[in-house]
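# Chains, contacts and geometry: an overview
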Amino acid sequence: MVATRTGSQKSPKKLKFNEKLTGKGFTTDALLKKLKNLHTELAELDQDLVDANSLSGARKELINTSILLHKDKGVKAYTACCLADILRLYAPDAPYTHTELRDIFQFFVKQLTSGLTSADCAYYNEYFHLLESLSTVKSVVLVCDLPQADSLMKEIFRGFFGIVRRSLPKKIEIFMADILVALIEESQSLPVDVLESILSQFMDKNSRMEQPAYRLAVDVCNKTADRLQRHVCQFFSDIIILHSEEEGLEDVEKAHELIKKLNHSCPSLLHNVIPQLEEELKVELVPLRVMATQVLGEMFADVYGGDLVKKFPSTWQVWLSRKNDRTPSVRVAFVEAAKGLISKPPEIHKAIEEVLQSKLLDPDEKVRAAVCKVYSQLDYETVVHHVSEEMLRSLAGRGADKRQSVRSEALNALGRLYGLAYPEIENDDPRAISHFSWIPQEILHLCKVGVEVRAQAEQIVVEQIFPFPSPPATSSSRNNEIDESAWVERLLTTMRYLDASAVGVLLSVSGLKIAHPSLYDRYVQACVEYNGGVGEGSKSAVAKLNATIERIARQSHDPQKVSDDLHTFANLNEGRLYKLMSSCMDPQTDLKALIRTTNSQSSHFKNDFLKRLGEHGASTSSIVPTMTYILRRASLRIVNQSSIPPLIRRIQRASGDGETQNLDELGDLRHAQTVLSYASKHCPAVYKPHVAELTKAIADEKKPRLIEVCLQALAAVAKWDAKLAPSDKRTTERLMRFVHQSNPRHAKFAARLLTCSKNSSELCSEVINTIANEMAQADSNRLLAHIAVLAEFASSAPDAFEQQSDIITAFLLSEILMAPTSLSSNAQEEADEWVSDENLTPELRSKLLSIKIYRNRCLAHASSESALDVATPVVKMLITLLEHDGSLKGDTQDDPRVKSRMRLAAATALLQLASVPAYASAIAPNFVLLAIMVQDPCFRVRLAFVQKVVSALQMQKVPYRYNIIPFLTALDPEAEVIKTARAYVTYAIRALPAGVRLEHFELLFIRLLHVLAHHPDFSTAHEALVDIARYIELYLELVSSRDNISLLYHLSMKAKTVRDADSTAHSENLYIASEMAQELIKARAHAHSWNLESYPGKLKLPSDILRPLPNAEVVNKILKRSYLPAETVTWLTDRTQKNATKEKVRTAPKRKAEPKLNRQTKRSKVKRSRRGRDEDEDDDEEDDDSGVGSDETDGDVKMRAVDEGDASEKEEERRPERLGRSARTKANAKIKEQTKRKKRTSGRGAASSDDS
């Protein structure tokens, strides 16, 4: 308020100044001097002790136009000070009329805006005095009573906001704030222009508290919030009403941006605006709902957001309800705004996490992708303290989403978070380990989901989980040194937290298993020969290039684009690019060269390949992602030859027996050995620069692990290039010692290395003769080592082995294979009928290796004239093992665990022998016996066998008829077995060319029916035929399509026009299977609306299993007769009708609030003992990564045997199990019994979990 005078006992003081200020003849200097004197005297007068009458002369003269409009700044500055003092002394009554007051205040504003430019300006003290007087006396409030107060207030506010930007002292800013606050508080109604002047200071996106005008506006708003609230609310209401149409939403958007700025600095100003925003959340206009959702989300996320939630709980709840808005764009806006709330107090961030977790299952892919993107933008501290592990695991589940955008964002978020957390994981931070260490394992498991997912998961693994190391910041540009040890350390640290399956996928992704020259090497060579389509032989070069590109494209996530881009690259016809690409794919390229060539993320290295590719202009920019993908798959980016020395050093640092008190160090040691062993098996070229170091390392006999790894590596590199085999006398003597010692691993690899030596025949003969003489007297451990050596020689030194082959094979049969074997008691293993690798006794290992010796001997003679003579007794022995469930005699009471191991070894040996055409023919009569090993009563046998079958089929090592075996897993109670089979078939169907797919899968249908007809469990009982139908259904589910359904129906019909080659009984079984297949095919065609037309082609049925019928009369008789039992016919008819009804229901429109995504189902998991391979076999067997690279997208496959188990368990217990006519039926009964036992046994039952 304006200062007032109070009573006083002192007499009033009169103004002594009585000079004239106006008139003719005054110079500026004289006038200025008079004004200074007047100002000095007025400033000293006390408001309460002044004689007002003495001021009247000066009062009138000061407002004379000759003074107010004087040209001199000083005159006007002192005049303004004098007028301010006059108003102070006359307060609370002004001695001027309204018009005069208007001119005075306009004069004040004009002097300040034009004169107060800085703290160093002329007359700064006078301007300071003016502002101070207006601020303290509050005489400025007189403006509010003037007729044109609105325009004058507008002028004052705009002028002050203009002045304050001039970097003036803080005191000036305080005076201005007091003046503006006084005006707002005394005004009857605030002019719109004044409000706009204030709010305009918040409009700039870059405004901040360091800016004086913004700071002044914030100060004024906070001090007058009660007065401004209503006006601010009306301001925003007018904008929204005026611009609520679609075309006018730009102004509405600006208004909402302003609200966010006001909320950040002046939250109390918006108390009336927030309910208005709440109403906006409910309007029909989608863009307005989006804006309101975004604004409120950012307001709740602001520093005062917690108070806002408490003050406006209804607004908070309405905003939360936008998570289920019917429009996806609103839900996306909600998710994006929720990012800022994740780090808020628990009561807020818990609610937000619940919502975001539910939005990961939103029906719209944009919403799911937005949630994933939110987490990719968080910093480490926010995630570790405010995001639960459950939420992160739900995020990982979106890595298998059906939509590419969602997968990309989810995987990118996981990879980035792991990259942020890795330094803490490396420092053994428990919180970081529990929160993030599992991420690589989840991403690696996603590699098995499908081709599209695998491509994205591989990219994250290579670029974010195991990125290339960067050189230290202090390194010079000419000598960019990189820390290879830290790079390898990251690999080992990450592997600590991987399970066996993830380790297998990681090694597969590493590229070590790619055989060289690879498909990509052949592509580069084809490009060179193509030469841009110029020159002689261009037709053959084009054909070769097209064929190579087609093969690469079929294996990719986007075949059409990859094919087009590879053709574009070939047309560039630039030799330098071909050379760089070949260098990148060379397994002997070191880490630094690989970084320089391929790393698009490194600013320290010049990216030769991509830079060169970019020089071709915009035409090649589209192929960069594809070429990056090719280089990533074809090069060794995770493990290469630069990894070998650090891995060797890690094993060297371990103690002699490999034991350590530190479990992490022991795990790192084991993983280093795993990586080196894998490299030895699949990519020995990486060892070429390190042969001398490896040779030196095997001299340290105190470190058995180191010797084992180095011997294996030396043997591998010597097999790859015999010139690299160590040939010095000392090394040879050392190898001879190893082959005679009791360590089977050392003996095995030393023997393998000896076979590559210069005088290998003499050395091998000497060893074999010695072993043949010592075998009978050797103890179990030394005998095991001797057998391991013989297994190597049987394969790699067959001539030397044949010198004692009769003695050795007879000894192995009588003293090893036929000798009883006992195992120590282990309740869990006895229940599972399996013995783990770590519990294998030397005697059992010797048995398994003995089978390997027989197998290797057969394979070594595969191309000789005596091949069948050598193999026939071996095949007969292996078949006997299968017929007697793992024993050579039917009446032998061996341990079931031993028999399981023996069955698997025999089946594996037969599978490997089948890679030789002559041996495959010998095995063919017993193909059914071998095939149904996939239904062995022991889970471990079934899983291992199906994995080996899939691996052999993928590498095309066995005849295509073995593609039948995966379909025989249809009734397996364990999801993992059938999942492996399904993954292979789905991937193969997708990847194979049409002609190959026809031969390997579609024409195979008749062979599947033949195998089912010979199945031990086949009978005419309805229950048995229902099981047979399951096999056919699995085949149709994975293989049938609109294009081949007529062919499959034709094949099933043709089965009734021939007879089985074996017997009439099997022929009738075949006819039953044929009729069932026809019904199932018709049902499937009907369900999918496929036309079942007559097949136009002619087919030749396999003559090895089928024979023609005697005449047409017999054919017609069989075709007219129905062999399928009536009960089964009725069952098939009812089933078809039910499926048709379900299909109609499924196609009817149905509204769902929150449909489940990606077939979210529960998956059965069974706890198992550690999975491993026989360590004496693992060097020759193919590593199991059959699921990797498959196109199997349904990760939640359930077997009916498991689904029905709970519902019918009591019924199964009441009625006896129906047994068929062979031991295989007993095996199936045992499987069911084990499944029920696992469900009932605590700690070993199947656990269900929801896969998000």
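Keep in mind it's a predicted model, so treat the numbers as computed, not measured.

### Focus on the overall build of the protein chain
Each helix and strand counted, the protein chain has 62 helices and four strands in total. Residues counted as buried form 55% of the 1252 residues belonging to the protein chain. Taking as baseline every contact in the protein chain between residues at least 6 positions apart, the subset at least 24 positions apart corresponds to 76%. Surface summary for the protein chain: the accessible area is close to 55,000 Å², and the carbon and sulfur share equals 49%.

### A few points about the confidence of the model for the protein chain
For the protein chain, the average pLDDT comes to 84, and 87% of its residues sit at 70 or higher. Within the model, the stretch residues 474–478 combines pLDDT values under 50 with two contacts to residues more than four positions away or in other chains. A low-confidence stretch, residues 1235–1252 (pLDDT under 50), is modelled with 46 contacts involving residues beyond four sequence positions or located in other chains.

### Some words on the UniProt feature "coiled-coil region" (unreviewed entry) in the protein chain
Here, the residues flagged by UniProt with the feature "coiled-coil region" (unreviewed entry) are residues 28–55. In residues 28–55, the share of helix is 61% and the share of strand is 0%. The end C-alpha atoms are 23 Å apart.

### So, the packing of helix 56 (residues 1045–1054) against helix 57 (residues 1064–1087)
Between helix 56 and helix 57, the least distance of the axes is 8 Å, while the angle of their chain directions is 160°. When the axis of helix 56 is compared with that of helix 57, the two are roughly antiparallel. Crossing angle aside, the handedness with which helix 56 passes helix 57 is left-handed. Mapping the contact onto sequence places I1045, L1048, Y1049, S1052 and M1053 in helix 56 and S1074, A1077, Q1078, I1081, K1082 and A1085 in helix 57. Tallied by class, residues from the contact of helix 56 with helix 57 come to seven nonpolar, three polar and one charged.

### Some points on the packing of aromatic side chains
Using the criterion set out here, one finds 19 aromatic pairs in the structure. Chaining the aromatic ring pairs together yields one cluster made of F300, W316, W319 and F334. The ring centre of W438 lies 4.2 Å from the NZ or CZ of R393, which sits over that ring. In this arrangement the basic side chain of R490 is found over the ring face of Y422, its NZ or CZ atom lying 4.3 Å from the centre.

### Focus: the packing of helix 35 (residues 644–653) against helix 36 (residues 663–682)
At a minimum axis distance of 9 Å, the contact between helix 35 and helix 36 shows a crossing angle of 140°. With respect to helix 36, the axis of helix 35 lies oblique. The crossing of helix 35 and helix 36 is left-handed. Counted together, I644, L647, I648, R650 and I651 of helix 35 and D668, L669, A672, Q673, V675 and L676 of helix 36 form the full contact between these two elements. Looking at the contact of helix 35 with helix 36 residue by residue, the classes come out as eight nonpolar, one polar and two charged.

### Considering the environment of V789
Topologically, V789 is positioned in helix 42 (residues 780–796). Overall, V789 belongs to the buried group, its relative accessible area being 0%. Along the backbone, V789 and A750 are 39 residues apart, and their C-alpha atoms lie at a distance of 8.2 Å. Filtering out sequence-adjacent residues up to four positions away, V789 remains in contact with V739, A747, K748, A751, V767 and I771.

### Quick word on the nonpolar core
Within the largest apolar cluster, 402 residues are counted, with the highest numbers of intra-cluster contacts made by F108, W319, F436 and Y523. In terms of residues, this core owes the most to one element, helix 4 (residues 73–90), which gives 11 residues. Beyond its immediate sequence surroundings of up to four residues, F436 is in contact with Y380, V383, V384, L392, L417, Y418, A421 and I425. In this structure, I240, L249, L288 and M291 belong to the second largest nonpolar core, which totals five residues.

### What about helix 17 (residues 328–338)?
The buried count for helix 17 comes to eight of 11 residues, which makes it a mostly enclosed element. Within helix 17, the full set of buried residues consists of V330, R331, V332, A333, F334, V335, A337 and A338. For helix 17, the secondary structure elements touched by its buried residues are helix 14 (286–301), helix 16 (313–321), helix 18 (346–359) and helix 19 (365–376).

### Description of the side chain of S887
Turning to its location among the elements, S887 is positioned in the loop between helix 47 (867–883) and helix 48 (896–913). A residue is classified by how much of its surface remains accessible, and S887, at 1% relative accessible area, is buried. Polar contacts involving the side chain of S887 include one to the side chain of D894, which spans 3.3 Å. Setting aside chain neighbours within four positions, we find S887 in contact with T880, L881, T892, D894 and K899.

### Digging into helix 28 (residues 519–530)
Relative to the 16 Å expected for 12 residues at 1.5 Å per residue, helix 28 spans 16 Å between its end C-alpha atoms, a close match to the ideal helical length. Among the residues making up helix 28, those that are buried are L519, Y520, D521, Y523, V524, A526, C527 and Y530. Next to the buried residues of helix 28 lie helix 29 (538–554), helix 30 (559–572), helix 31 (575–585) and helix 34 (624–634). Immediately beyond the C-terminal end of helix 28, within one or two residues, lies N531, with a positive phi of roughly 55°.

### Remarks on unusual backbone geometry
The step from A91 to P92 runs through a cis peptide bond, and the omega angle for that step is 10°. The residue P92 is located in the loop between helix 4 and helix 5 (98–115) in this model. Of the consecutive residues H516 and P517, the connecting peptide bond is found in the cis state with omega at 0°. Looking at where P517 falls in the secondary structure, it is placed in the loop between helix 27 (500–509) and helix 28. Of note in this structure, E833 is not a glycine but carries a positive phi near 55°. Locating E833 in the fold gives a position in the loop between helix 45 (827–832) and helix 46 (842–860). Take E833: its relative accessible area is 12%, and that puts it in the buried class. Unlike most non-glycine residues, S1089 shows phi in positive territory, near 60°.

### Quick notes on the pattern of salt bridges
By the definition in use, this model includes 47 salt bridges. The shortest N-O distance in the salt bridge between K282 and E279 comes to 3.8 Å. Judged by relative accessible area, which is 46%, E279 ranks as partly exposed. For R554, the salt bridge is made with E550, and the minimal N-O distance between the two is 3.2 Å. Within this pair, R554 and its partner E550 are both found in helix 29, separated by four residues, close to a single helical turn.

### Describing the environment of A672
Relative to the assigned elements, A672 resides in helix 36. Between the C-alpha atoms of A672 and P646, which are 26 residues apart in sequence, the distance is 9.3 Å.

### Overview of the state of the cysteines
Within this structure, the stated rule accounts for zero disulfides. Free of any disulfide, C82 has its nearest neighbouring cysteine sulfur in C81, separated by 6.8 Å. C82 gets classed as buried once you look at its relative accessible area, which sits at 0%.

### Some remarks on the environment of S677
Topologically, S677 is positioned in helix 36. Owing to a relative accessible area of 11%, S677 belongs among the buried residues under this scheme. For the pair formed by S677 and A716, sequence separation is 39 residues and the distance between their alpha carbons is 9.5 Å.

Definitions and limits used
- Residues numbered from 1 in each chain as written.
- Predicted model: local features only at pLDDT ≥ 70, side-chain atom pairs only at ≥ 80, totals over all residues.
- Heavy atoms only, no water.
- Helix = DSSP H or I, 4+ residues; strand = E, 2+ residues; numbered from the N terminus.
- Buried < 20%, exposed > 50% of the residue type's maximum accessible area, 1.4 Å probe, protein only.
- Contact = heavy atoms within 4.5 Å.
- Areas by Shrake-Rupley, 256 points an atom, 1.4 Å probe, with all protein chains shown as cover.
- pLDDT = per-residue confidence, 0-100.
- UniProt positions renumbered as here; feature names shortened; annotations may be inferred.
- Axes fitted to C-alpha atoms, helices over the stretch in contact; angles between N-to-C directions.
- Parallel < 35°, antiparallel > 145°, perpendicular 65-115°, else oblique.
- Left-handed = near helix turned anticlockwise from the far one by under 90°.
- Nonpolar A, V, L, I, M, F, W, Y, C, P; charged D, E, K, R; others polar.
- Phe/Tyr/Trp six-rings, centres within 6.5 Å; stacked < 30°, edge-to-face > 60°.
- Lys NZ or Arg CZ within 6 Å of the ring centre and 35° of its normal.
- Core = buried A, V, L, I, M, F, W, Y, C linked by side-chain atoms within 4.5 Å.
- Polar contact = N/O pair within 3.5 Å; in protein donor to acceptor, adjacent residues only side chain to side chain.
- Expected span 1.5 Å × (residues − 1).
- Salt bridge = Lys/Arg side-chain N within 4 Å of Asp/Glu carboxyl O.
- Disulfide = S-S within 2.5 Å.

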